[in-house]
Amino acid sequence: SQERSACLRRWYELMMENKEELARIITAENGKPLKEARGEIVYSASFLEWFAEEARRIYGDVIPASAKDRRVLVLKQPVGVAAIITPWNFPSAMITRKVGAALAAGCTVVVKPAEDTPLSALALGELANQAGIPAGVYNVVPCSRQQTAAVGEVLCTDPLVSKISFTGSTATGKILLKHAAGTVKRVSMELGGHAPFIVFDSANVDRAVAGALASKYRNSGQTCVCTNRFLVQKGIHDEFVEKFAKVIEKELHVGNGFDAKTTQGPLINEKAVEKVEKHIKDAVSQGASIVTGGKRHSLGKNFFEPTLLSNVTTKMLCTQEETFGPLAPVIK
């Protein structure tokens, strides 16, 4: 465990030494603003630092037994090969938070990065080599979109794999759980959500708006903890919507992630843009109003204007599905 701890620590240090290059890879493949990408690298490296320290202290337990003449001991041992399937929105941090834990425990890993963002996973592999992590301990299998389902199935059904850790959509999670059941694998799932942001009449509107902006539009609305729907009490509703629209127009700048003033990069691909458009079209057809934004940005096909909708009802798609884009629907 001391050896594992030292390797993880060295890997952490190498990430911090190469922070700028790693951040540039994220912005190039994912589109998020460079400032956010730098933040992700520090966050990503922190998992390796944490697990480097945890690796030395994997304690078992002594449990009181039901009979006086017995002792119950629990030993903690590595489960074996862990398959790590990660999303594109945090192409570095979603890997280290899983891999750091697995390596600290003494497991080897096979990482399948998202097809949109394989380069961060490969860059981490290069640094793992430099850190002295033995060959075959951190493995990366990049694959195309066409191959993704087949590769996922192999990782979840192969008897040599003991553990699956997945972060991504609920729909994909259900498929992986089914595959994993056949060989009774240990499974960890971090799946999509539908987070509400609730504002009561008693709220400080300016602070609520600042929180709403940060929570909704980080990474252009593409994180699993982004607010998806806003529930605003009627006494404060009009003021909240008016101020929120002003702040969106003033503080959010759509652009190239390498441009210092950009706060909103492109969405990950055209399919993501189409989903935002579909949610807006559906809402407007049922009576929602576009307060600001509402269409693709003139910069290019994957750029979308930060959008605010009012007069939203719970029957609309945007209040029933996770949008994963820069769309804020407000329900009075």
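What counts and what doesn't
- Residues numbered from 1 in each chain as written.
- Predicted model: local features only at pLDDT ≥ 70, side-chain atom pairs only at ≥ 80, totals over all residues.
- Heavy atoms only, no water.
- Salt bridge = Lys/Arg side-chain N within 4 Å of Asp/Glu carboxyl O.
- Helix = DSSP H or I, 4+ residues; strand = E, 2+ residues; numbered from the N terminus.
- Buried < 20%, exposed > 50% of the residue type's maximum accessible area, 1.4 Å probe, protein only.
- Pairing = 2+ DSSP bridges.
- Axes fitted to C-alpha atoms, helices over the stretch in contact; angles between N-to-C directions.
- Contact = heavy atoms within 4.5 Å.
- UniProt positions renumbered as here; feature names shortened; annotations may be inferred.
- Domains from an automatic or database assignment.
- Buried area = accessible area lost by both parts, 1.4 Å probe.
- Polar contact = N/O pair within 3.5 Å; in protein donor to acceptor, adjacent residues only side chain to side chain.
- Expected span 1.5 Å × (residues − 1).
- Bend = angle between axes of the 7 residues up to and from the residue.

## Things to note about the pattern of salt bridges
For step 1, the next point in the chain: Within this structure, the stated rule accounts for 18 salt bridges.
For step 2, the next point in the chain: Ionic pairing is found between Arg-9 and Glu-53, a salt bridge with its closest N-O pair at 3.9 Å. Placement of Arg-9 in helix α1 (residues 2-17) and of Glu-53 in helix α3 (residues 34-54) is noted, with a sequence separation of 44 residues between them.
For step 3, the next point in the chain: What makes Arg-9 partly exposed here is its relative accessible area of 32%.
For step 4, the next point in the chain: The partly exposed category is assigned to Glu-53, whose relative accessible area is 39%.
For step 5, the next point in the chain: Where Lys-243 meets Asp-206, a salt bridge forms, and the shortest distance between an N and an O atom there is 3.1 Å. Here the residue Lys-243 occupies a position in helix α9 (residues 234-251), and Asp-206 occupies one in helix α8 (residues 205-217), the gap between them amounting to 37 residues.
For step 6, the next point in the chain: What emerges from the salt-bridge pattern is a single network uniting Arg-9, Arg-10, Glu-13, Glu-17, Glu-49 and Glu-53.

## Let's talk about the sheet that holds strand β10 (residues 289-292)
For step 1, the next point in the chain: The 5 strands are arranged β8-β9-β12-β11-β10 in an open sheet whose pairing can be described as mixed. Each edge of the sheet is formed by a strand with only one pairing partner; in this case those strands are β8 (196-199) and β10. Put simply, the sheet's adjacent strands are angled 25 degrees from each other on average, direction ignored.
For step 2, the next point in the chain: The pairing of strand β11 (residues 307-310) with strand β12 (residues 327-331) spans 3 bridges and is parallel. The residue of β12 that forms the bridge with Thr-307 is Leu-327.
For step 3, the next point in the chain: In the packing of α8 onto the sheet, contacts are made with β8, β9 (229-232), β11 and β12, and the angle to β8 comes to roughly 175 degrees.
For step 4, the next point in the chain: Strands in contact with helix α10 (residues 270-285) are β10, β11 and β12; relative to β12, the strand with the most contacts, it is inclined by about 25 degrees.

## Topic: the UniProt feature "domain: Aldehyde dehydrogenase" (unreviewed entry) in the protein chain
For step 1, the next point in the chain: The positions that UniProt labels "domain: Aldehyde dehydrogenase" (unreviewed entry) are, in the present scheme, residues 2-332.
For step 2, the next point in the chain: The span residues 2-332 is 44% helix and 15% strand, and its two end C-alpha atoms sit 56 Å from each other.

## What to know about the domain arrangement of the protein chain
For step 1, the next point in the chain: Each domain of the protein chain was delimited in the assignment, giving domain 1 (1-190) and domain 2 (196-329).
For step 2, the next point in the chain: Distance from the C-alpha centre of domain 1 to the C-alpha centre of domain 2: 32 Å.
For step 3, the next point in the chain: Each partner contributes residues to the interface: domain 1 has 17 residues there, and domain 2 has 15 residues.
For step 4, the next point in the chain: For the pair domain 1 and domain 2, the two sides together bury roughly 1300 Å², of which 61% comes from carbon and sulfur.
For step 5, the next point in the chain: Our count for the contact surface shared by domain 1 and domain 2 stands at 0 salt bridges.
For step 6, the next point in the chain: Between the two partners, domain 1 and domain 2, sit 5 residue pairs in polar contact (both at pLDDT 80 or more).
For step 7, the next point in the chain: Elements represented by at least two residues in the side of domain 1 that touches domain 2 include exactly α2 (19-30) and α3.
For step 8, the next point in the chain: The element best represented in the side of domain 1 that touches domain 2 is α2, accounting for 5 residues.

## Thoughts on helix α4 (residues 93-105)
For step 1, the next point in the chain: Over its 13 residues, α4 runs 19 Å from end to end, which matches the ideal 18 Å to within 8%, given 1.5 Å per residue.
For step 2, the next point in the chain: Counting buried positions along α4 yields 10 of 13 residues, so the element is predominantly enclosed.
For step 3, the next point in the chain: Those residues of α4 that sit buried are Ala-93, Met-94, Ile-95, Thr-96, Lys-98, Val-99, Gly-100, Ala-102, Leu-103 and Ala-104.
For step 4, the next point in the chain: Looking one or two residues past α4, Gly-106 carries a phi angle of roughly 100 degrees, positive in sign.

## A word on α9
For step 1, the next point in the chain: Compared with an ideal rise of 1.5 Å per residue, which puts 18 residues at 26 Å, α9 spans 26 Å between its outermost C-alpha atoms and is within 8% of the ideal.
For step 2, the next point in the chain: At Phe-240, α9 shows its maximal kink, close to 25 degrees.
For step 3, the next point in the chain: Considered for burial, the residues of α9 that qualify are Ile-236, His-237, Phe-240, Val-241, Phe-244, Ala-245, Val-247 and Ile-248.
For step 4, the next point in the chain: Of the surrounding elements, those touching the buried residues of α9 are β8, α8, β9, β10, β11 and β12.

## A look at the sheet that holds strand β6 (residues 161-167)
For step 1, the next point in the chain: Read across the open sheet, the 5 strands follow the order β5-β4-β3-β6-β7; overall the sheet is parallel. Lying at the two open borders of the sheet, with one neighbouring strand each, are β5 (138-140) and β7 (186-190). Between one strand axis and the next, the sheet turns through 15 degrees on average, direction left out of account.
For step 2, the next point in the chain: Sheet analysis places strand β4 (residues 109-112) next to β5, joined by 3 bridges and oriented parallel. Note that in β5 the partner of Val-109 across the bridge is Tyr-138.
For step 3, the next point in the chain: Its contacts with the sheet put α4 on β3 (81-85), β4, β5, β6 and β7, and the angle it makes with β4 is roughly 170 degrees.

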